[in-house]
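Coordinate analysis (summary)
One letter stands for each residue in the lines below.
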Amino acid sequence: MTPNPTPGTDGSNPEVMASVDGDDSRPSLIIADVSRDEAWVSVRADDAPVLAEWC
């Protein structure tokens, strides 16, 4: 299933990516809209929800 992104306020489609950052002793899941500056969130990887449909 391919998500249907909501167009951004400038008419562009957002490009959202996720990654696990393991640089420190507590890896983090980072979700970012790479088409915008400062549009990201992170959570400790251990606290991130598991999407059973994708596993």
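Report on the accompanying structure. What you see as residue numbers is a count from 1 along each chain, following the sequence as written. Reporting of local features is limited, given that this is a predicted model, to residues whose pLDDT is at least 70; pairs of side-chain atoms are given and counted only at 80 or more, and all residues count toward the totals for whole chains, interfaces and linings. Just so you know, side-chain values use all the structure's heavy atoms and leave hydrogens and water out.

**Topic: the overall build of the chain**
How we decide: The way it works is that DSSP assigns letters per residue, a run of H or I at least four long becomes a helix, a run of E at least two long becomes a strand, and they are numbered from the N terminus. Each residue is placed in one exposure class: buried if its accessible area under a 1.4 Å probe, protein chains only, is under 20% of its type's maximum, exposed if it is over 50%, and partly exposed if it falls in between. Note on contacts: a residue pair qualifies if any of its non-hydrogen atoms lie within 4.5 Å across the two residues. For the area figures, the Shrake-Rupley method with a 1.4 Å probe applies, and any residue is considered shielded solely by the protein chains shown.
Of regular secondary structure, the chain possesses zero helices and three strands. In sequence order, the secondary structure elements of the chain are arranged as β-β-β. Across the 55 residues in the chain, those meeting the buried criterion constitute 9%. A sequence separation of at least 24 residues applies to 2% of the contacts in the chain between residues at least 6 apart. When the accessible area of the chain is evaluated, it comes to approximately 5,000 Å², of which 52% is carbon and sulfur surface.

**Focus: the sheet that holds strand 2 (residues 28-33)**
Cut-off, in case you're wondering: One requirement defines pairing of two strands: DSSP has to find at least two bridges between them. Axes, fitted as lines to C-alpha atoms, cover a helix only where it is in contact. Angles between the N-to-C directions of the axes lie from 0 to 180 degrees.
With respect to topology, three strands assemble into an open sheet ordered 1-2-3, the strand pairing being antiparallel. Taken across any chain shown, the strands that pair with only one partner, and hence form the sheet edges, are strand 1 (16-21) and strand 3 (40-44). Looking at each pair of strands side by side, their axes are set apart by 15° on average, direction ignored. Strand direction decides the pairing type here: strand 2 and strand 3, joined by five bridges, are antiparallel. If you follow A32 over to strand 3, its bridge partner there is W40.

**Considerations on the pattern of salt bridges**
How we decide: Definition used for salt bridges: Asp or Glu carboxyl oxygen within 4 Å of a side-chain nitrogen of Lys or Arg.
Applying the stated criterion across every chain yields a total of one salt bridge. A salt bridge links D46 to R44, with the nearest nitrogen and oxygen atoms 3.7 Å apart. A relative accessible area of 68% places D46 in the exposed class. A relative accessible area of 33% means that R44 is categorised as partly exposed.

**Examining a nonpolar patch on the surface**
Going by this rule: Nonpolar side chains (Val, Leu, Ile, Met, Phe, Trp, Tyr) within 5 Å and like charges within 9 Å form the patches, drawn only from residues with over 30% relative accessible area and no salt bridge.
Side chains of V16, I31 and V41 sit close together on the surface and give an oily, nonpolar patch of about 250 Å² of accessible area. Secondary-structure assignment places I31 in strand 2. Classification of I31 by relative accessible area gives partly exposed; the value is 36%.

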